[in-house]
Amino acid sequence: MGVEGIGASVVRKEDRRFITGRGRYVDDIKLVGLTHAHFVRSPHAHAKIKSIDIAAAEKMPGVVGVLTGQQIVDDKVGNLICGWAITSKDGTGMKMGAWPAMAPEIVRFAGQAVAVVIAETKNQARDAAEAVVVNYEELPVASDIRAAIKEGAPQLHPEAPGNVIYDWTIGEEAATDAAFKAAANVVSLDITNNRLVPNAMEPRAAIAEYNDAEEHFTLYTTSQNPHVARLVLSAFYNIAQEHKLRVVAPDVGGGFGSKIFIYPEEMVALWASKKVNRPVKWTGDRSEAFLTDAHGRDHLTKAEMAFDKDNKITGLRVKTYANLGAYMSLFSSSVPTYLYATLLSGQYNIPNIFAEVISVYTNTTPVDAYRGAGRPEASFVVERLMETAARQLKVDPAELRRKNFITTFPHQTPVIMAYDVGDFGASLDSAMKAIDYAGFPARKAKAKTEGKLRGIGISCYIEACGIAPSKAVGSLGAGVGLWESAEVRVNPVGTIEILTGSHSHGQGHETTFAQLVAGRLGIPISQVSIVHGDTDKVQFGMGTYGSRSAAVGMSAIFKAMEKVEAKAKKIAAHQLEASEADIVIENGEFKVTGTDKSIALPMVALAAYTAHNLPDGMEPGLKEGAFYDPTNFTFPAGAYICEIEVDSGTGKTSFVNFVAADDFGTLINPMIVEGQVHGGLAQGIGQALLEGAVYDGTGQLMTASFMDYTMPRADDLPSFKLSHTTTLCPGNPLGVKGCGEAGAIGASAAVINAITDAIGNNKLEMPATPDRVWHAIHG
Amino acid sequence: MSTIKLTVNGKAVSVEVEDRTLLVHLLRETLNLTGTHVGCDTSQCGACVVHIDGQAVKSCTVLAGQAAGANVTTIEGISKGDELHPMQAAFRDNHGLQCGYCTPGMIMSSIDIVNRHGGKLDEETVRHELEGNICRCTGYHNIVKSVLDAAGRMKVAQAAE
């Protein structure tokens, strides 16, 4: 049965329900007595609520209740929290303004909820919401970073003077300044990392049900981490006690980070279900997703790199302003700090790094982790600098990178991270070979004769995944541990259930996790079920984000499996009257080595549960649990190269080739890994060429639909050529590093490096639309 | 309110709905055919694509009343018992889906693409034709592969019939 173990590209177990329309997403669930919620949202980005009149709405047909922000305050429902404390360089804590689930007095971004209507049908709720009359007094707006930090800017929260949440630094400033003073060459860049909207295809949704006899809540929600949702909802919001709240995240249609966070809508649904004593369903529409799902990126950065006369990097200095939006979302504070600045060493030996990050409030949707979360921004800074340096120093960009690669491991960077293993040269070689780097000048020359501008761009990314060692992140301000849990239940008939705190919302855990178990025991994956996404079924766990499910989640399963196998071997040895040390597991059988004696797994399981004949003192049953806390981050790395052609007449960019060479350590299921890379690349390319959230000066989101925000479509993208180089991660028992975010982290710099190479102008902002490219060519 | 009679997945259906009801909501809310999804509110994403009289249509662009008398096929209606439609099988075999949310619409659109182009499909045509279906997970790489694979399988299936 080795064909279904680790390393096999088996087709996914979960697919059948999705391809036949039998997936079960939150909005597909119906409960008896269900009511529907529709939110009344502020049309203004910054305003005082002078009055809310709900009288007319309450009289509308089918209305069950109309609830306002003031009521949520009166009921003492807690404000939303940010779970990672960041300390400013002056030693003060971050300045967090209050975020009530519905605004009682002040709204700070367009789309913020001020009231909710609960009605018998969706249409009735929507109609009645129109009848809620809110009288606003508009306030001045700061709709971007520059507007928020200038003298006399509108003040968002009294707690944060000048709209600054924190001014944080990392690295050695004096040593870095000295490196720049002594430098033979300095390269500098101003970089805008464009704001993105995650846009998982399934809009967020929540169904809350309250049982007053039991004083018990059930919440079905689109979450990447249902246990964290339960913890936060019970510990901080004063709505339900943890043991009286079941959170279920069934099939979830993509997350990309945006479904990590606890949002006002599920809080309100939960609170409202008790108020109206009926189940309450809210399903966001796409417009609400644009306005309320946490956005990603949005940095303004000045970056400089110092080189000695041999073109070795001697220093990196970075100053970044990060836009966190109107309120601090759950992990927002960590994204531009510990998930960003700690990766600024890239794949390079950089002896001195100093970074300052100033996070600010603006009258925009809150910003938090989106696929890559800080690491795409870091990678973009480093890889744009490397490309710019190569052009300025007139050396080959691949050679400049190679000259500065870290080649000995472990490697301690000046910004916390200790890289455990890697072979950056190998992935660069692989990518250069795949794209025929050596043949590029000839291809460029030929394209020129056809009137086309051809360019090539490299991006050598590194990321920190397998998030994360609990003690380490605790020392950096995290409010939670980032271990993972697993329970292995061998049923009396020998089938197996794996209960995991990881959550699959497209990653294919039902297959890959089963592959680990199937491979160890030599049984088919059809004998293994993965149970996840339900706090009533699964022991506490931390969920899925930060490419952590293989490195952390599967390592927990590995540990639990070791315990199960140890007990099963004892039982088998007892049954076979053999020594435990002689038992080996092969093809679903426990065999006595060197003999023909064996007992099949179902018989061992049955013996464990009948308990008629177990070794003396052994407890019945065959079920073990484990908590796995990683010892370090993992460090997936790779090289992406893209070759593009620009039409100078239209500014349109077309792909000639896109190659990706990644080192993810062990590949559990190469087919699924490649799918993850494809999707990540699409999001990275989307950022580079197409996507950008645009606010006008009054704080209105101008790109609030798929008509206005350019999602990558099939005809925007090329097919990708992937390859893998492998160094095994020494930090976990499987040697895995994680693959979920790599594409989104590495791709955008490769694309911009290629276009700027083609057009001979290094000044080009993302998204590099035809309009921007045309202007960069023609001035 | 109006009474609408139509055929859905081969079964005659008669339902009473509000006049403003969209076909997608009739399918999902009234008929409990939740395989057809809603991914946007501007008829851009294609998660709701079904077949009306054999043609791919975004069911969020059609009032339920407009489908009166029509033959509607949804994702739930394309396999023959346990036997998957070749397009469904191709999506599974080529890892053409991840979270599964856009998948029903992708499959329904793709069947229509193959029906219209027959065996003359190439990558560029598939990419162009899929322009009305958005996927956030796959980068389309394996969806394109799935459609091209299915085009071959459907040709073989047709030849066998």
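Nothing here was measured: the structure is a model prediction, and the numbers come from that model.

**Observations concerning the overall build of chain A**
In step 1: Counting secondary structure elements, chain A contains 20 helices and 28 strands.
In step 2: Compactness check: chain A gives a C-alpha radius of gyration of 27 Å against a globular reference of 28 Å for 779 residues, within 12% of the reference.
In step 3: For chain A, the C-alpha atoms occupy an extent of roughly 85 × 70 × 50 Å along the three principal directions.
In step 4: Classification of the 779 residues of chain A by burial places 59% in the buried group.

**Quick notes on the overall build of chain B**
In step 1: Helix and strand content of chain B: 5 helices and 5 strands.
In step 2: Helices and strands in chain B line up, N terminus first, as β-β-α-β-β-β-α-α-α-α.
In step 3: Taken over C-alpha atoms, the radius of gyration comes to 16 Å for chain B, in line with the 15 Å a tight globule of 161 residues would show.
In step 4: In chain B, buried positions account for 57% of the 161 residues.
In step 5: Sequence-distant contacts in chain B: of pairs separated by 6 or more residues, those separated by 24 or more amount to 61%.

**Thoughts on the pairing of strand β12 (residues 280–283) of chain A**
Residue and element names in this part refer to chain A.
In step 1: Because side chains alternate across β12, one face comprises the buried residues Val280 and Trp282, and the other comprises Lys281 and Thr283, equally buried.
In step 2: In the sheet, strand β1 (residues 35–41) pairs with β12 via 2 bridges, with the strands oriented parallel. Residue pairing in the sheet places Thr35 in a bridge with Val280 of β12.
In step 3: As judged from the 4 bridges shared by strand β9 (residues 205–211) and β12, these two strands associate in the antiparallel manner. Paired with Ala206 across the bridge in β12 is Trp282.

**A few points about unusual backbone geometry**
Residues and elements named next belong to chain A.
In step 1: Cis geometry marks the peptide bond from Phe409 to Pro410, where omega comes out at -5 degrees.
In step 2: Following the sequence through the fold, Pro410 ends up in the loop between α11 (397–404) and β16 (411–412).
In step 3: Backbone torsion omega between Ile467 and Ala468 reads -5 degrees, so that peptide bond is classified as cis.
In step 4: Within the secondary structure layout, Ala468 lies in the loop between β18 (453–462) and α14 (470–475).
In step 5: Its identity as a non-glycine residue notwithstanding, Asn311 has a phi of 65 degrees, on the positive side.
In step 6: With respect to the element layout, Asn311 can be found in the loop between β13 (299–307) and β14 (313–323).

**Re the domain arrangement of chain B**
All names here are of chain B.
In step 1: With domains assigned, chain B is organised as domain 1 (2–77) and domain 2 (86–160).
In step 2: Measuring from the centre of the C-alpha atoms in domain 1 to the corresponding centre in domain 2 gives 21 Å.
In step 3: Each partner contributes residues to the interface: domain 1 has 15 residues there, and domain 2 has 11 residues.
In step 4: If you list the elements that add at least two residues to the side of domain 1 that touches domain 2, you get β3 (49–52) and β4 (55–58).
In step 5: Ranked by residues supplied to the side of domain 1 that touches domain 2, first place goes to β3 with 3 residues.
In step 6: Class assignment for the residues of the side of domain 1 that touches domain 2 results in 7 nonpolar, 8 polar and no charged.

**Some words on the domain arrangement of chain A**
Residues and elements named next belong to chain A.
In step 1: Domain annotation of chain A identifies domain 1 (2–21 + 483–628), domain 2 (31–139 + 203–253 + 259–292) and domain 3 (299–468 + 632–778).
In step 2: Taking only C-alpha atoms, the centre of domain 1 and the centre of domain 2 are 39 Å apart.
In step 3: If you look at the interface, domain 1 gives 13 residues, while domain 2 gives 15 residues.
In step 4: Per-class residue counts for the side of domain 1 that touches domain 2 are 3 nonpolar, 8 polar and 2 charged.

**Considering the sheet that holds strand β20 (residues 496–500) of chain A**
All names here are of chain A.
In step 1: Taken in spatial order, the 4 strands line up as β21-β20-β19-β25 in an open sheet, and their pairing is mixed. Edge strands, defined here as strands with exactly one partner in the open sheet, are β21 (528–531) and β25 (623–628). For this sheet the average axis-to-axis angle between neighbouring strands, irrespective of direction, equals 15 degrees.
In step 2: Examined bridge by bridge, strand β19 (residues 484–490) and β20 share 5 bridges and lie antiparallel to one another. Residue Val490 lies in a different strand from β20, and its bridge partner there is Ile496.
In step 3: In the packing of helix α15 (residues 509–521) onto the sheet, contacts are made with β20 and β21, and the angle to β21 comes to roughly 130 degrees.

**Digging into the interface of chain A and chain B**
In step 1: Counting residues at the interface gives 41 residues for chain A, matched by 45 residues for chain B.
In step 2: Elements with a minimum of two residues in the side of chain A that touches chain B: α1 (15–19), α9 (286–292) and α18 (670–690) of chain A.
In step 3: In terms of residue count, α18 of chain A provides more of the side of chain A that touches chain B than any other element does, 7 residues in total.
In step 4: Split by residue class, the side of chain A that touches chain B holds 17 nonpolar, 15 polar and 9 charged.

**A short note on the sheet that holds strand β28 (residues 721–724) of chain A**
Residues and elements named next belong to chain A.
In step 1: Taken together, 4 strands build an open sheet; the order of strands is β18-β26-β27-β28 and the sheet is mixed. The strands lining the two open edges of the sheet, one partner per strand, are β18 and β28. Within the sheet, the average angular offset between the axes of one strand and its neighbour, ignoring direction, is 15 degrees.
In step 2: Packed on one face of the sheet, helix α12 (residues 424–435) meets β18, β26 (637–646), β27 (653–663) and β28 and runs near 25 degrees to β26.

**Remarks on helix α17 (residues 601–610) of chain A**
Residue and element names in this part refer to chain A.
In step 1: Within α17 the residues assigned to the buried category are Leu601, Val604, Ala605, Ala607 and Ala608. Angularly, the buried residues of α17 cover 160 degrees about the axis, an arc narrow enough to put them on a single face.
In step 2: Taken from the residues just after α17, Ala611 is the one with a positive phi, measuring 60 degrees.

**Brief notes about the pairing of β27 of chain A**
All names here are of chain A.
In step 1: Strand direction decides the pairing type here: β26 and β27, joined by 10 bridges, are antiparallel. Its bridge partner lying in β27, Cys642 is registered against Phe658.
In step 2: Joining the antiparallel neighbours β26 and β27 is a turn of 6 residues, in which Gly651 adopts a positive phi near 80 degrees.
In step 3: Relative to β28, β27 runs parallel, the two being bridged by 4 bridges. Along β28, the bridge assignment pairs Val659 with Lys721.
In step 4: Traced from β27 through α18 to β28, the parallel crossover comes out right-handed.

**Focus on the environment of Ser748 of chain A**
All names here are of chain A.
In step 1: Note that Ser748 resides in helix α19 (residues 742–759).
In step 2: Each C-alpha atom of the pair Ser748 and Gly686 lies 7.9 Å from the other, and the pair is 62 residues apart in sequence.
In step 3: Discounting chain neighbours no more than four positions away, the residues touching Ser748 are Pro376, Phe380, Gly684, Gln687, Ala688 and Met766.

**A closer look at the nonpolar core**
In step 1: Val116, Val117, Leu344, Ile557 and Ile641 of chain A are the most contacted members of the largest nonpolar core, which totals 312 residues.
In step 2: Among all residues touching Ile641 of chain A, those that are not within four sequence positions of it are Ala431, Met432, Ile435, Tyr437, Ile456, Gly457, Ile458, Val659 and Ala750 of chain A.

**Description of the packing of α11 of chain A against α12 of chain A**
Residue and element names in this part refer to chain A.
In step 1: Packing of α11 against α12 leaves a shortest axis separation of 10 Å and a crossing angle of 165 degrees. The orientation of α11 relative to α12 falls into the category roughly antiparallel. Here α11 runs over α12; the crossing is left-handed. Note on element contacts: α12 touches α11 through Gly425, Leu428 and Met432, opposite Ala398, Arg401 and Arg402.
In step 2: Here the contact of α11 with α12 is built from residues that sort into 3 nonpolar, 1 polar and 2 charged.

**What to know about the packing of helix α10 (residues 375–393) of chain A against α19 of chain A**
Residue and element names in this part refer to chain A.
In step 1: One way to put it is that α10 packs onto α19 with a least axis distance of 8 Å and a crossing angle of 30 degrees. Classed by the angle they form, the pair α10 and α19 counts as roughly parallel. Between α10 and α19 the crossing geometry is right-handed. Counting all contacts with α10, which are made through Arg375, Pro376, Ser379, Phe380, Glu383, Arg384 and Glu387, the residues of α19 involved are Ala744, Ile745, Gly746, Ser748, Ala749, Ile752 and Asn753.
In step 2: Classifying every residue of the contact of α10 with α19 gives 6 nonpolar, 4 polar and 4 charged.

Rules of the game
Residues numbered from 1 in each chain as written. Chains lettered and ligands numbered in written order. Predicted model: local features only at pLDDT ≥ 70, side-chain atom pairs only at ≥ 80, totals over all residues. Helix = DSSP H or I, 4+ residues; strand = E, 2+ residues; numbered from the N terminus. Rg over C-alpha atoms; globule rule 2.2 N^0.38 Å. Buried ≥ 20, exposed ≤ 12 C-beta atoms within 10 Å, placed from the backbone. Contact = placed C-beta atoms within 7 Å. Pairing = 2+ DSSP bridges. Domains from an automatic or database assignment. Nonpolar A, V, L, I, M, F, W, Y, C, P; charged D, E, K, R; others polar. Axes fitted to C-alpha atoms, helices over the stretch in contact; angles between N-to-C directions. Arc of directions from axis to C-beta. Right-handed = clockwise from strand over helix to strand, strands pointing away. Core = buried A, V, L, I, M, F, W, Y, C linked by C-beta atoms within 7 Å. Parallel < 35°, antiparallel > 145°, perpendicular 65-115°, else oblique. Left-handed = near helix turned anticlockwise from the far one by under 90°.

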